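Here is how the chains run, residue by residue.
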Amino acid sequence: MRYLLIDRITDWKADEVIRGMKNVAMSEDFLEFHFPKNPIMPGVLLLEAIAQLTGWLVAASSDFKDWFLITKVHKCKFYGFAFPGDRVEFEVKLIPGTEKDKIIYSGIGMVDGKKKIVAEFEGETISFEEIEDANEQKRFFKLLTRE
Amino acid sequence: MRFLFYDAVTNIEKGKSITGVKSFSLSEEFLRGHYSKIAMVPGVIMIEAMAQLLGWLIIYSHDFRLTAIMSLIEDVTVISNLRPGFRAEIRGEIVSTSRRDSLGMASICVEDKCIASLNRIIYSHFHDVQPEELIKRFEYYSGWKIQ
């Protein structure tokens, strides 16, 4: 499994908002055990998709110097299941007024206009170059945004 | 990818608590892409580990007559930059449970250090289940014998 939970980024505005999507396929590895004979996209992977989308917002806003890691989830509510064949559309926003060293984000995931997950969370930024080749990731971001 | 984030159940007390172990190894599938220069265990995988183990305690406490799916998490803290190569102890407790839903809390420790905590988790219960099938799965996953 490639632990990449965002397929496409549709738009973003530095330090404010990013939108993207994940297509849930029947061929996903994690559906074999989640659950046997009853495939449902795991809720935590919806949360991971939101965290990765936040990473892309932090990266794109810092010219790919930083990345984001989730450290606290204040609240995350799961409203319904995402099934194979669904396209989950995500939006992550920076909550205004938070301090620079403790930025809080809100994220939402929807399928066909119905919300499936709403989360409020915070994290820390780390050097992108420390964990990935930043230039390669810049190229990958262009693939995701289809620029 | 086998979406199972505990290796064995070490103790279970009906209606009260469960403990289990999970070894995080460098061969984990989720490390493909997380990240290429440094391997880090994703925080949401630790959330899933706590949710899976506590979920089994709820099912066990209701004699395998229902299944429990996470619907809300609150006040969660995870260490975001853990390198694999450690054995963690996962502990979950039921705070309250009814026919309809359950409330619980969980944590993960490595030796005496807490690396993740989940102070509030709510599960919705689903009653359309086959108890024999659930028992078989629990026995295989946990290493415990029910019958």
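In what follows, the structure referred to is the one given above.
One structure accompanies this document, and this report is about it. The structure presented is a predicted model; accordingly, all values stated were derived computationally and were not measured. (Residues numbered from 1 in each chain as written. Chains lettered and ligands numbered in written order. Predicted model: local features only at pLDDT ≥ 70, side-chain atom pairs only at ≥ 80, totals over all residues. Heavy atoms only, no water.)

Right, let's get into the sheet that holds strand S3 (residues 67-78) of chain B. Taken in spatial order, the twelve strands line up as S1(A)-S2(A)-S4(A)-S5(A)-S6(A)-S3(A)-S3(B)-S6(B)-S5(B)-S4(B)-S2(B)-S1(B) in an open sheet, and their pairing is antiparallel. The two strands at the open ends of the sheet, each matched to only one other strand, are strand S1 (8-13) of chain A together with strand S1 (8-13) of chain B. Taken pair by pair, the neighbouring strands of this sheet meet at an average axis angle of 25 degrees, ignoring direction. Strand direction decides the pairing type here: S1(A) and strand S2 (residues 17-23) of chain A, joined by five bridges, are antiparallel. Directly across from Arg8(A), in S2(A), lies its bridge partner Met21(A). (Pairing = 2+ DSSP bridges. Helix = DSSP H or I, 4+ residues; strand = E, 2+ residues; numbered from the N terminus. Axes fitted to C-alpha atoms, helices over the stretch in contact; angles between N-to-C directions.)

With that out of the way, let us pick up the interface of chain A and chain B. Facing 35 residues of chain A, the contacting portion of chain B comprises 34 residues. Counting across the chain A and chain B interface gives three salt bridges. Here Glu133(B) ties to Lys37(A) by a salt bridge, and the two come within 3.7 Å at their closest N and O atoms. The interface formed by chain A and chain B contains 13 residue pairs in polar contact (both at pLDDT 80 or more). Residue assignment for the side of chain A that touches chain B shows that the elements contributing at least two residues are helix H1 (43-61), strand S3 (66-78), strand S6 (114-127) and helix H2 (128-131) of chain A. Considering each element in turn, the side of chain A that touches chain B owes the most residues, twelve residues, to S3(A). For S3(A) and S3(B), the ladder comprises five bridges, and the chain directions are antiparallel. The residue of S3(B) that forms the bridge with Lys77(A) is Leu72(B). (Contact = heavy atoms within 4.5 Å. Salt bridge = Lys/Arg side-chain N within 4 Å of Asp/Glu carboxyl O. Polar contact = N/O pair within 3.5 Å; in protein donor to acceptor, adjacent residues only side chain to side chain.)

For the rest of this paragraph, the subject is the layout of surface pockets. Size it by volume and the largest pocket reaches roughly 960 Å³. In this structure, the largest pocket is lined by 40 residues; those nearest its centre are Phe35(A), Asn38(A), Thr67(B), Ala68(B) and Ile69(B). At six residues, helix H1 (residues 43-61) of chain B tops the list of elements feeding residues into the lining of the largest pocket. Classifying every residue of the lining of the largest pocket gives 25 nonpolar, ten polar and five charged. (1 Å grid on protein atoms, 1.4 Å probe; cavity = no way out; pocket = protein on both sides within 12 Å on 5 of 7 lines; lining within 4 Å. Points joined across faces, edges and corners; volume = space filled by probe spheres on them. Nonpolar A, V, L, I, M, F, W, Y, C, P; charged D, E, K, R; others polar.)

What follows is about empty space enclosed by the protein. This structure, assessed with the given rule, holds one cavity of 30 Å³ or more. A volume near 110 Å³ is recorded for the largest cavity. If you go around the largest cavity, you meet 14 residues; those closest to its centre are Glu48(A), Leu69(A), Ile70(A), His34(B) and Tyr35(B). Contributing elements (two or more residues each) for the lining of the largest cavity: H1 and S3 of chain A together with H1 of chain B. When residues of the lining of the largest cavity are assigned to their parent elements, the largest contribution, four residues, is made by S3(A).

Along the chain, Thr125(A) turns up in strand S6. If sequence neighbours within four positions are ignored, Thr125(A) has contacts with Val58(A), Asp66(A) and Trp67(A).

Glancing now at H1(B). Residue and element names in this part refer to chain B. Along its 19 residues, H1 runs 28 Å from first to last C-alpha, staying within 8% of the 27 Å computed at 1.5 Å per residue. H1 sits mainly inside the fold: 19 of its 19 residues count as buried. Downstream of H1 by a residue or two, Asp 63 has a phi angle that is positive, lying close to 55 degrees. (Expected span 1.5 Å × (residues − 1). Buried < 20%, exposed > 50% of the residue type's maximum accessible area, 1.4 Å probe, protein only.)

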